[in-house]
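A closer look at the structure
The residues making up each chain are set out below.
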Amino acid sequence: MSWDASSKDKNKQRIIFHVDFDYFFAQCEELRDPSLKGKPVVICVYSARGGDSGAVSTSNYKAREYGVKSGIPIKLAKNRLKDVPDAKFLQVDHEYYTEMSDKAMAIIRKYADRFEVVGVDEAFFEASEKLDYDFNKVEELVKTIKKELKEQLGLTCSIGVAPNKLVAKIASDFRKPDGLTIVKPKEVQAFLADLSVGKIIGVGKKTEERLNEMGAKTIGELENLDIYTLTKEFGKKIGTYLYNAARGIDEEPVMESEAITQISRITTLKKNSKIFEEMLGDLETLCKDVHKSTIEQGFSFKSVGIMLVLDDLSMKTKSRSLKSPSTSLDELLKLSKALLEEAVAESQMMVRRLGVKVSELVSSKGQDTLFKFMDEKT
Ligand code: DCP
Ligand code: CA
Ligand code: CA
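The paragraphs below set out a description of the structure included in this document.

What counts and how
- Residues numbered from 1 in each chain as written.
- Chains lettered and ligands numbered in written order.
- Predicted model: local features only at pLDDT ≥ 70, side-chain atom pairs only at ≥ 80, totals over all residues.
- Heavy atoms only, no water.
- Near = heavy atom within 4 Å.
- Polar contact = N/O pair within 3.5 Å; in protein donor to acceptor, adjacent residues only side chain to side chain.
- Areas by Shrake-Rupley, 256 points an atom, 1.4 Å probe, with all protein chains shown as cover.
- Helix = DSSP H or I, 4+ residues; strand = E, 2+ residues; numbered from the N terminus.
- Nonpolar A, V, L, I, M, F, W, Y, C, P; charged D, E, K, R; others polar.
- Donors = N, O, S within 2.8 Å, 3.2 Å for Na, K, Ca; no water.
- Buried < 20%, exposed > 50% of the residue type's maximum accessible area, 1.4 Å probe, protein only.
- Core = buried A, V, L, I, M, F, W, Y, C linked by side-chain atoms within 4.5 Å.
- Contact = heavy atoms within 4.5 Å.
- Lys, Arg positive; Asp, Glu negative; His and termini not counted.
- Salt bridge = Lys/Arg side-chain N within 4 Å of Asp/Glu carboxyl O.
- Pairing = 2+ DSSP bridges.
- Axes fitted to C-alpha atoms, helices over the stretch in contact; angles between N-to-C directions.
- Tetrahedral: all angles 85-135°; square planar, octahedral: opposite > 155°, others 65-115°.

Examining the site of ligand 1
Taken together, 13 residues surround ligand 1, and among them Tyr 23, Ser 57, Thr 58, Tyr 61 and Lys 176 come closest. For ligand 1, an oxygen atom lies 2.6 Å from a polar atom in the backbone of Tyr 23. Burial of ligand 1 by the protein amounts to 70% of the accessible area it has alone, namely 550 Å². Mapped onto the shell around ligand 1, the elements with two or more residues apiece are β1 (16-21), α2 (24-32), β3 (54-59) and α3 (61-64). Split into classes, the residues belonging to the shell around ligand 1 amount to five nonpolar, three polar and five charged.

As for the coordination of the calcium ion (ligand 3)
Taken together, the protein donors to the calcium ion (ligand 3) comprise Asp 20 (OD), Asp 121 (OD), Asp 121 (OD) and Glu 122 (OE), at separations of 2.2 to 3.1 Å. For the calcium ion (ligand 3), all donor residues lie on one chain, and their spacing in sequence is D-x100-D-E. Separation of the calcium ion (ligand 3) from the calcium ion (ligand 2) amounts to 3.6 Å, with Asp 20 serving as a shared donor to the pair. A residue is classified by how much of its surface remains accessible, and Asp 121, at 16% relative accessible area, is buried.

With respect to the nonpolar core
Membership of the largest hydrophobic core comes to 39 residues, with the highest contact counts inside it found for Phe 17, Phe 21, Phe 24 and Phe 125. Listed by contribution, the elements that provide at least two residues to this core are β1, α2, β2 (41-46), α5 (94-109), β6 (122-126), α6 (138-153) and β7 (157-162). Sorting elements by how many residues they give to this core places α5 first, with seven residues. If sequence neighbours within four positions are ignored, Phe 21 has contacts with Ala 104, Met 105, Ile 108, Val 120, Asp 121, Leu 155, Thr 156 and Cys 157.

Some thoughts on the side chain of Asp 22
Structurally, Asp 22 can be placed in the loop between β1 and α2. Salt bridges are absent for the buried Asp 22, whose nearest opposite-charge side chain, Lys 176, sits at 5.1 Å. The residues contacting Asp 22, other than those within four sequence positions of it, are Gln 27, Thr 156, Cys 157, Ser 158, Pro 177 and Asp 178.

Remarks on the sheet that holds strand β4 (residues 88-91)
If you trace the three strands from one edge of the open sheet to the other, you get β3-β2-β4, paired in mixed fashion. Only two strands of the sheet have a single neighbouring strand rather than two, namely β3 and β4. When the angles between neighbouring strand axes are averaged without regard to direction, this sheet yields 35°. Here β2 pairs with β3 via five bridges, running antiparallel. Following the sheet pairing, Tyr 46 is matched in β3 by Gly 54. Across the sheet, α2 touches β2, β3 and β4, and the angle it forms with β2 is around 115°.

Details of the pairing of β2
The sheet contact formed by β2 and β4 spans four bridges and is parallel. Residue pairing for β4: Cys 44 is matched across the bridge by Gln 91.

Quick word on the coordination of the calcium ion (ligand 2)
Donor atoms from the polypeptide that coordinate the calcium ion (ligand 2) comprise Asp 20 (OD), Phe 21 (O) and Asp 121 (OD), at 2.1 to 2.3 Å from the metal. Considering all six donor atoms around the calcium ion (ligand 2), angles at the metal cover 78 to 170° and the coordination shape is octahedral. Mapped onto the sequence, the donors of the calcium ion (ligand 2) take the spacing D-F-x99-D. Residue Asp 20 is classed as buried on the basis of its relative accessible area of 10%.

Nothing here speaks to function; it is geometry throughout.
In structure tokens, the structure reads:
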């Protein structure tokens, strides 16, 4: 039965789960090296500048007690932990985290009617049919899933269960780590009432500040703002979204994920060429398009490739991996220029078509694209 069909029956509320792995990158490191457990563990993304320049990707809960969390400079993290001799600073290892993520997702997927991965450490799934639309069966399923993750991988997660994605996502964040929060259909509004509006998916700092100024600090208070006020302030799309969110209404379907493995663009040159400089303009346009699409879909890329279709219609490809996943357009441009320059030097033939691709994609953001979209607009 499709999501549409099931929601037509008013008595049947969907059962939607949101799973979020606890302190994910740091937990993966603890699993690989159990001697880390109990010590502050900080996962670092070192920048190209060397030394301790760069930012903290995440940290375990012990490190968070010292104010060390995602996004702060590594230097500041080291400073906050300078009196803690057993603190550990490790470099990100996306490949290993992705492998753990894939294994964990495979375990959970079995219990879903529909399964949607939204980031390396989180997923939505629907289990309405498997649970006969009975919220009373949720707890047992969650126990089974948590037990299997723990036994097979050693991994803990926090789970939110609700009649829709919006509330499930807020619920998974409600109790952590190793949490479970079930919000039955009748409990939705009471559950949301006292939470800050910033908990709504898509509401970033700017939107939150604006809503606070309008008198809505909590989701309960947001309910007092009428649809006209909200659409006037935020536009029709976001205004309506916020109006519904305040009431715990969200009809977004769980979308079965098809694994995206690469993003590419290809173009036919205006004039066949074997001169690097003549192809540069097209290359830059391709890179910008690929980059835009990659960012919009919430990915970073670890591999860059170019593709040439030559005059005899043969194809030449070249690709290279980065040290760590990147979201940088400059890096994409730099690497694809280098690859094109090499390819042109190696081949005597004219080029007809040119393509750029990024692959080894890492979905680093848990939030859907609305998040970015909303704070840009407001
Ligand atoms: N991440 C990152 N940079 C950020 C935020 C997150 O590199 N600014 C990475 C590291 C995290 C992973 O994404 O382990 C998942 O992000 P979460 O926000 O879910 O945070 P954690 O899983 O680390 O912690 P929590 O237990 O709060 O979910
Ligand atoms: Ca997490
Ligand atoms: Ca997450």
